[in-house]
Amino acid sequence: MSLGEAIATARRARGYTQAALAEQLGITQAALSRYEHNLREPTKSALGDIAYALGLTPDLLDHADRMQGALAVGAHMRRRATAKATAWRRLEAQLNLYRLHALRLFDAVELRIELAVPWFDPFEYEPDTAARLLRMQWRMPIGPVRDLTGWMEAAGCLIIVADFGTNRVDGLSQWSGNQPLIMLNSTPPTDRRRLTLAHELGHLCLHSQGVPDDVEADASAFAAEFLMPADTIRPQLRNLTTGKLHDLKRHWGVSMQALIERAFRLKTISATQRTSFYKKFSRLGWRTHEPVSDELAPEQPRLAAAIGQALIQKGLTESEAAIICGFSPDNPDNPFLNDMTRLRLV
Ligand SMILES: [Zn+2]
């Protein structure tokens, strides 16, 4: 990532237009545009002004060229077709910016990674085979995945939870070197967030290199097998009733709609039964708000905050730690120095 790209990415991540940022900096839009297109290099003090206006350190932008590979566009994103381009482009810019932060942080803090996110060649492995292999590799217990976030963080996934300001984008993910990075929307219910996490995990395992045609279907198939392994869940999906769906949701931590889809794919319900469940759900208003979601154990990322705490424990002040993270000390949106109580809200 060039310096110009880093400036443009950070500006988009903060939701500024070129004109708005230029105005705040007291420079012309043409001058900012020249910086962003690498036609002119900002002086040290100009770069400082830009960085601090964006809540970052100049160093973060200045070292962007250390990031291997080009700016990631087309990050794997779980979003609806109706999501506004302005909204998801901003999220994509945020993900790219977090990649820069992560790059710096993992120089400063050594992570003890117990597990790994492996790469499976999607031309060789079916998504559900990959999901089964991953569960074996991680030696996960049979049955529901408790604390999915904990498992993924143990494999080094950096999960940043934020309010996306739209309910039309659930999450996005990207490798940053060897570091898997995921952004997760804080607003959907726990069961939906779990499915998104497993879906993004599928992308990270399957789509880091060669990308087959229908990556969305593959990632969803991976997520379904990972969270609801066919061998274990199939017998439980026979003779489904609404009451049974309630119980299964509590047990497996996935939505009733995901369970119905699973049952349909595993052929324990017919297409007609599936339709009649959905009609009933529509009548009850459950297509938009399912019951039981509030009772599920929340998925709570800890890794980002733990990195900040590790810096503090090294004897750094909060300001010094913020600067190492690439954030200006007064930026309240530093996920590495958010206190755990704030994280607990999500
Ligand atoms: Zn996806």
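Residues numbered from 1 in each chain as written. Predicted model: local features only at pLDDT ≥ 70, side-chain atom pairs only at ≥ 80, totals over all residues.

J.: What is the right way to look at the overall build of the protein chain in this model?
T.: Helix and strand counts for the protein chain come out as 17 helices and four strands. At 22 Å, the protein chain has a C-alpha radius of gyration in line with the 20 Å of a compact globule built from 346 residues. In terms of principal-axis extent, the alpha carbons of the protein chain reach across some 70 × 40 × 40 Å. Split into buried and exposed, the 346 residues of the protein chain put 40% on the buried side. (Helix = DSSP H or I, 4+ residues; strand = E, 2+ residues; numbered from the N terminus. Rg over C-alpha atoms; globule rule 2.2 N^0.38 Å. Buried ≥ 20, exposed ≤ 12 C-beta atoms within 10 Å, placed from the backbone.)

J.: So what exactly am I meant to see when it comes to the packing of helix α2 (residues 18–25) against helix α4 (residues 44–53) here?
T.: Between two packed helices, what matters for the description is the angle formed by their axes and the separation of those axes. Contact geometry of α2 with α4 gives a least axis separation of 10 Å together with a crossing angle of 120 degrees. The handedness of the crossing between α2 and α4 is right-handed. Listed contacts from α4 to Leu21, Gln24 and Leu25 of α2 are Asp49, Ile50 and Ala53. Among the residues making up the contact of α2 with α4, the classes are represented as four nonpolar, one polar and one charged. (Axes fitted to C-alpha atoms, helices over the stretch in contact; angles between N-to-C directions. Left-handed = near helix turned anticlockwise from the far one by under 90°. Contact = placed C-beta atoms within 7 Å. Nonpolar A, V, L, I, M, F, W, Y, C, P; charged D, E, K, R; others polar.)

J.: Looking at this model, I keep getting lost on the pairing of strand β2 (residues 158–162). Mind explaining?
T.: Working note: regular strand, side chains alternate between the two faces of the sheet. For β2, the buried fraction is high: four of the five residues fall into the buried class. As paired strands, β2 and strand β4 (residues 179–185) are joined by five bridges and run parallel to one another. Considered in β4, the bridge of Ala162 is made with Asn185. (Pairing = 2+ DSSP bridges.)

J.: Got a minute to help me understand the domain arrangement of the protein chain in this structure?
T.: Frequently, the measure chosen for interface size is the accessible area that the parts lose on association. Domain annotation for the protein chain reports domain 1 (1–71), domain 2 (127–295) and domain 3 (303–344). One C-alpha centre belongs to domain 2, the other to domain 3; they are set 31 Å apart. (Domains from an automatic or database assignment.)

J.: Where do I start with the environment of Pro58 in this structure?
T.: Along the polypeptide, Pro58 turns up in helix α5 (residues 58–62). In this structure, the C-alpha to C-alpha distance between Pro58 and His199, residues 141 residues apart in sequence, is 35 Å.

J.: Please explain the nonpolar core as it appears in this structure.
T.: Counting residues in hydrophobic clusters, the biggest one holds 88 residues, and the most contacted among them are Cys205, Phe222 and Leu227. With nine residues, the single largest contributor to this core is helix α6 (residues 85–108). Sequence-distant contacts of Cys205, defined by excluding residues within four places in its chain, comprise Val117, Pro118, Trp119, Phe120, Ala130, Leu134 and Phe222. (Core = buried A, V, L, I, M, F, W, Y, C linked by C-beta atoms within 7 Å.)

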